[in-house]
Amino acid sequence: ADDVLSMSGSSQATGGSVDQIEVSGAVFDPSCGLNPVAGQATVQHVALTSIQQVTVHFHALCDGKVDVGGPGGGSGTVTLP
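1. Quick look at the overall build of the protein chain
A tally of helices and strands in the protein chain yields 0 helices and 6 strands. Its C-alpha atoms give the protein chain principal-axis dimensions of roughly 45 × 25 × 20 Å. Relative to its full complement of 81 residues, the protein chain shows a buried share of 20%. For the protein chain, long-range pairs separated by at least 24 residues make up 21% of all intrachain contacts whose partners lie at least 6 apart in sequence.

2. Quick look at the pairing of strand β2 (residues 18-28)
As paired strands, strand β1 (residues 5-14) and β2 are joined by 9 bridges and run antiparallel to one another. When the bridges of β2 are listed, Met7 appears paired with Ala26. In this sheet, strand β3 (residues 38-46) lies alongside β2 in antiparallel orientation, the contact comprising 8 bridges. Among the inter-strand pairings, Gln20 is bridged to a residue of β3, identified as Gln44.

3. Observations regarding the environment of Asp3
Structurally, Asp3 can be placed in the segment before β1. C-alpha of Asp3 to C-alpha of Gly16: the two residues are 13 residues apart in sequence and 40 Å apart in space.

4. Let's talk about the environment of Gly15
Inspection of the secondary structure assignment puts Gly15 in the loop between β1 and β2. Along the backbone, Gly15 and Ala47 are 32 residues apart, and their C-alpha atoms lie at a distance of 9.7 Å.

5. Section: the sheet that holds strand β4 (residues 51-58)
Backbone hydrogen bonds hold the strands of a sheet together, and the pairing may be parallel or antiparallel. Strand order in the open sheet formed by 6 strands is β1-β2-β3-β4-β5-β6, and the pairing between neighbours is antiparallel. Only two strands of the sheet have a single neighbouring strand rather than two, namely β1 and β6 (75-79). Taking the axes of each pair of neighbouring strands and ignoring which way they run, one obtains an average angle of 15° across the sheet.

6. Here we look at a nonpolar patch on the surface
Taken together, the side chains of Leu5, Met7 and Phe28 define a hydrophobic patch exposed on the protein surface, amounting to about 260 Å² of accessible area. In this fold, Phe28 is placed in strand β2. Judged by relative accessible area, which is 33%, Phe28 ranks as partly exposed.

About the criteria used
Residues numbered from 1 in each chain as written. Predicted model: local features only at pLDDT ≥ 70, side-chain atom pairs only at ≥ 80, totals over all residues. Heavy atoms only, no water. Helix = DSSP H or I, 4+ residues; strand = E, 2+ residues; numbered from the N terminus. Buried < 20%, exposed > 50% of the residue type's maximum accessible area, 1.4 Å probe, protein only. Contact = heavy atoms within 4.5 Å. Pairing = 2+ DSSP bridges. Axes fitted to C-alpha atoms, helices over the stretch in contact; angles between N-to-C directions. Patch = residues over 30% accessible without salt bridge, like charges linked within 9 Å, V, L, I, M, F, W, Y side chains within 5 Å. Areas by Shrake-Rupley, 256 points an atom, 1.4 Å probe, with all protein chains shown as cover. Salt bridge = Lys/Arg side-chain N within 4 Å of Asp/Glu carboxyl O.

Read these as geometric descriptors, not functional statements.
In structure tokens, the structure reads:
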């Protein structure tokens, strides 16, 4: 309950398409219940004719928000559910 946890890893699911998530250096601090306080995640969806990818950077502040960017140049800050 009082330990800081760091996590990295990936997972992939296949069917008619491929969905993959990779988490790198996500730091969970018990003093923050809203979001990891460091690290990033990349989410990728590969279909027959398209590839979609989003990178999420976790805020150091315990504000429940992440910075999101894609290869097409779109970016912004969103609140985690």
